[in-house]
Amino acid sequence: MIERYKLALALILAVIAPAAVSAQQGWSQGQTIKQSGAAAPVNAVYYDGDTIWVVGARGFVARSNDDGETFNESHVGIDDGLNDVYKRGNKIWIVGDHGTILRSTDDGRSFVRTASSPAGGSAGGAPIDLYSVLFTDPNRGFIVGDHGRILVSTDSGLSWREQRSGTDSQLFHLSFQGERGWAVGTGGLVLHTNDGGKNWYPQRSGVSEDLNRVYMVDDRKGLITGDKGTLLDTENGGATWSRVSLKVSEPLFGVSFTDKKTGWVVGYGGRIIRTYDGGHNWVEQSSGTQADLFGVSFHKNRGYAIGREGIVMRYYEQR
């Protein structure tokens, strides 16, 4: 009788265990992402609620359809470093070193390399590195990179042309809200456009550190992360940027919000900080890792942070 009871209990536990694990709240470390059997150098992550896409060095592209339990590599046939990935519907765009632009129109089953304009993709005859890509609608997209390069597409990424940025500095990231856009880069540089990128103007950041990411929650509220623990905040579309006081000295990188009040920032040394009030106050969350984190992407109550040596941090919150 006792043995039968033990067996029944074991079967019950076996059934509920996976649900209990998947419902674990907070941050936990997932399986290391690997490339050719070794930890993959991952640079960026994009999560849309169904699929997680990651890209990294040596042409690495991979996806997960099981909440980050496993990542399946997509062989795109290039060896250039890849720096950012963006998905909209069944289309995916990836940018990287040496002017690399990849495009998929079949939900990532295949990728085609797209050529930028001669002026947009090179400097002095040499291809430039591209760091960030996003699309504001199914047809119009933007890319930023070295030498102040800003590229725009109006045909879903089939072709790209250059927009004048007025700077030769590196541009690392950009964010758009409708016709209004922001780009950030070296030496505290912030650029802004009110007309869909036709004209770009500098905004005063008040800092000299390199700025790594910009995230506009709406057309007035936004955040910028940077080196030496830099976190900037605006409530007026960037007319003024204010430094958020943090006890952080490490570089900060990825930013992701689930609504106007709830957001996360990640950085070096496994740093993860969270806001509950739209960025006015920040609290540190335990990540359980000392690995440098480069990117974070949230959808509703679930998110993923990626970093050095293929690390994947997963977050779940019961709401």
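Residues numbered from 1 in each chain as written. Predicted model: local features only at pLDDT ≥ 70, side-chain atom pairs only at ≥ 80, totals over all residues. Heavy atoms only, no water.

Student: Tell me about the pairing of strand 28 (residues 272-275), and name the residues and values.
Tutor: On a regular strand, each side chain points to the face opposite its neighbour's, so the side chains alternate between the two faces of the sheet. Of the two faces of strand 28, the one holding I272 and R274 and the one holding I273 and T275 are both buried throughout. Bridge count for strand 27 (residues 263-267) against strand 28 is 4 bridges, and the pairing is antiparallel. When the bridges of strand 28 are listed, G263 appears paired with T275. Linking strand 27 back to strand 28 in an antiparallel pair, the connection comprises 4 residues, with G269 at a positive phi of about 70°. Here strand 28 runs beside strand 29 (residues 283-284); their pairing, made up of 2 bridges, is antiparallel. Within the sheet, the bridge partner assigned to R274 lies in strand 29 and is V283. (Buried < 20%, exposed > 50% of the residue type's maximum accessible area, 1.4 Å probe, protein only. Helix = DSSP H or I, 4+ residues; strand = E, 2+ residues; numbered from the N terminus. Pairing = 2+ DSSP bridges.)

Student: Residue-level account of the sheet that holds strand 17 (residues 161-163), with values.
Tutor: Pairing between the strands of a sheet comes from backbone hydrogen bonds, and it takes one of two forms, parallel or antiparallel. Spatial ordering of the open sheet is given by 14-15-16-17, a layout of 4 strands whose pairing is antiparallel. The open sheet is flanked by strand 14 (130-135) and strand 17, the only strands paired with a single partner. If you compare each strand with its neighbour and ignore which way they point, the axes differ by 30° on average. Sheet topology note: the strand 14/strand 15 (residues 141-145) ladder contains 5 bridges and is antiparallel. Looking across to strand 15, one finds that S132 is bridged to V144. (Axes fitted to C-alpha atoms, helices over the stretch in contact; angles between N-to-C directions.)

Student: Lay out unusual backbone geometry with the relevant residues and their values.
Tutor: With a phi angle near 55°, H98 is a residue other than glycine that sits in the positive phi range. Examined against the element boundaries, H98 turns out to sit in the loop between strand 9 (91-96) and strand 10 (101-104). Residue class for H98 comes out partly exposed when judged on its relative accessible area of 46%. Unusually for a residue other than glycine, S156 sits at a positive phi of about 65°. Here S156 lies in the loop between strand 16 (150-153) and strand 17. S156 sits in the buried class, given a relative accessible area of 2%.

Student: Could you give an account of the sheet that holds strand 7 (residues 72-73), naming the residues involved and the relevant values?
Tutor: With antiparallel pairing, the 4 strands of this open sheet are ordered in space as 4-5-6-7. At either end of the open sheet lies a strand with only one pairing partner, and these are strand 4 (42-47) and strand 7. Where strand 4 lies against strand 5 (residues 52-56), 5 bridges are found, and the strand directions are antiparallel. From the neighbouring strand, V45 faces strand 5, where its bridge partner is V54.

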